[in-house]
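Survey of secondary and tertiary structure
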Amino acid sequence: MTRRLALVIVGVVVATLLLAGAGTITLSAVRAMATTIDEVTERAEEIAVNIDGLLQTDLPLDTEEGEQQLRTRLRLLNAMRTTLALDELVVLIADDKGVLRGDELPAGLEFSDIRPDELAVGTTVAGSRNRTAYAAVGLQGPYDRLWVVVATRRITSGLGAGLVLFLWASGATILLALGAAWFLGRRLSRPIRDATA
């Protein structure tokens, strides 16, 4: 009887801990994804609003010197991504026919993710793919071309140290449940043992 009571008590405690842990991890992951997508979208929109000033070159874009100057400014903008708390930052520029090339997209993203047909001026497309949040903002940029700012950031659950603390607390709770089950089992079964003796 003592063993059965101990198994029931410990089973209930373990099941409760598993449900609480699974719920916490699921809610944390959903919240982390939503928060990361919102933050990446905000950063991409901030960059898009200021893109004229950041990338305006002195030379025409259709010259080799103008294109080189623009590439240099794009590299500088990409170097700022750590300051902006982004993993990758890419600016796509439509050609003179309005067609975007997708070969410069951040790693892990596909052209269909940013939905180029929806990236009209001022439109924002955001989402997640493979644990990476992304946002793409389309705008009419310098030289009357469609420019698309694409920003990404890895989604982290944010549990980190909290998960370790939860595991330690779960272990301590199971040990307490074992102790309580053993004590209650001995106490409740004593009259039966005495009567049997």
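The numbers attached to residues start from 1 for each chain and follow its sequence in the written order. Under the rules for a predicted model, residues below a pLDDT of 70 receive no local features and side-chain atom pairs below 80 are neither given nor counted, while totals for whole chains, interfaces and linings still include all residues. The basis for the side-chain values is all heavy atoms of the structure; hydrogens and waters are excluded.

**Notes on the overall build of the chain**
- Numbering goes from the N terminus for both helices and strands, where a helix is a DSSP run of H or I of at least four residues and a strand is a run of E of at least two. A tally of helices and strands in the chain yields 5 helices and 4 strands.
- Listed N to C, the secondary structure of the chain is α-α-α-β-α-β-β-β-α in terms of helices and strands.
- Each residue's exposure class comes from its accessible area (1.4 Å probe, protein chains only) as a fraction of the maximum for that residue type: buried when under 20%, exposed when over 50%, partly exposed otherwise. Expressed as a percentage of its 197 residues, the buried residues of the chain come to 32%.
- By definition in these notes, contact holds between two residues if any of their heavy atoms fall within 4.5 Å. Put simply, 54% of the contacts in the chain that link residues at least 6 apart link residues at least 24 apart.
- Each accessible area value is a Shrake-Rupley result obtained with a 1.4 Å probe; residue values ignore everything except the protein chains displayed when judging cover. Accessible surface for the chain amounts to roughly 12200 Å². Of this, 60% is attributable to carbon and sulfur atoms.

**Some remarks on the pairing of strand S2 (residues 124-129)**
- Inspection of the sheet shows S2 paired to strand S3 (residues 132-140) by 6 bridges, in the antiparallel sense. Bridge pairing in S3 links Ala 126 to Ala 135.
- Hairpin remark: S2 followed by S3, antiparallel, with 2 residues in the connecting loop; positive phi at Asn 130, about 50 degrees. Note on pairing: two strands pair once DSSP finds at least 2 bridges between them.

**Digging into the pattern of salt bridges**
- Put simply, a salt bridge is a Lys or Arg side-chain nitrogen that is within 4 Å of an Asp or Glu carboxyl oxygen. With the rule as written, the count across this model stands at 6 salt bridges.
- Arg 115 is the salt-bridge partner of Glu 118, the closest N and O atoms lying 3.1 Å from each other.
- Using a relative accessible area of 31% as the deciding quantity, one classes Arg 115 as partly exposed.
- In this structure, a network of salt bridges that share partners links the residues Glu 42, Arg 43 and Glu 46.

**Considerations on the nonpolar core**
- Ile 47, Ile 51, Leu 86, Leu 89, Val 91 and Val 149 are the most contacted members of the largest nonpolar core, which totals 22 residues.
- Listing elements by their share of this core, those giving two or more residues are helix H1 (2-49), helix H3 (64-79), strand S1 (88-93), S3 and strand S4 (146-154).
- Among the elements that line this core, the one with the most residues is H1, at 6 residues.
- Buried residues of nine kinds, namely Ala, Val, Leu, Ile, Met, Phe, Trp, Tyr and Cys, make up a nonpolar core once their side-chain atoms join them within 4.5 Å. Counting residues in hydrophobic clusters, the runner-up holds 14 residues, among them Leu 109, Tyr 134, Ala 136 and Val 150.

**Things to note about the confidence of the model for the chain**
- The predicted model of the chain averages 79 in pLDDT, with 86% of residues at 70 or higher.
- Confidence scores here are pLDDT values: one per residue, from the predictor, ranging 0 to 100. Within the chain, no element has a lower average pLDDT than helix H2 (residues 51-55), which sits at 67, and none a higher one than S2, at 91.

**Points about the sheet that holds S3**
- The 4 strands lie next to each other as S1-S4-S3-S2, forming an open sheet whose pairing is antiparallel. Every other strand in the sheet has two partners, leaving S1 and S2 as the edge strands with one partner each. The average undirected angle you get between the axes of adjacent strands in this sheet is 15 degrees. A fitted line through C-alpha atoms represents every axis, and for helices the fit uses only the stretch in contact; the resulting angles, taken between N-to-C directions, go from 0 to 180 degrees.

**A closer look at the side chain of Asp 113**
- Within the element layout of this structure, Asp 113 appears in helix H4 (residues 111-114).
- Definition of a polar contact: a pair of N or O atoms within 3.5 Å, with one able to donate and the other able to accept a hydrogen when the atoms are protein atoms, and with sequence-neighbouring residues admitted only if both atoms are side-chain atoms. A polar contact of 2.9 Å, which involves the side chain of Asp 113, links it to the backbone nitrogen of Glu 110.
- Within the structure, Asp 113 has its side chain in polar contact with the side chain of Arg 129 (distance 3.3 Å).
- The contact partners of Asp 113, leaving out residues within four places of it in the chain, are Gly 108, Val 125, Arg 129 and Tyr 134.

**Re a nonpolar patch on the surface**
- Where nonpolar side chains cluster on the molecular surface, the patch consists of Trp 182, Phe 183, Leu 184 and Leu 188 and spans about 440 Å² of accessible area.
- On the secondary structure map, Leu 184 appears in helix H5 (residues 161-196). Patches here: salt-bridge-free residues with over 30% relative accessible area, like charges joined within 9 Å, nonpolar side chains (Val, Leu, Ile, Met, Phe, Trp, Tyr) joined within 5 Å.

**Observations regarding unusual backbone geometry**
- Backbone geometry at Arg 115 places phi at a positive 45 degrees, although glycine is not the residue there.
- On the secondary structure map, Arg 115 appears in the loop between H4 and S2.
- Phi at Asn 130 takes a positive value of approximately 50 degrees, unusual for a residue other than glycine.
- Topologically, Asn 130 is positioned in the loop between S2 and S3.
- Taking relative accessible area as the criterion, Asn 130 reaches 57% and is therefore assigned exposed.

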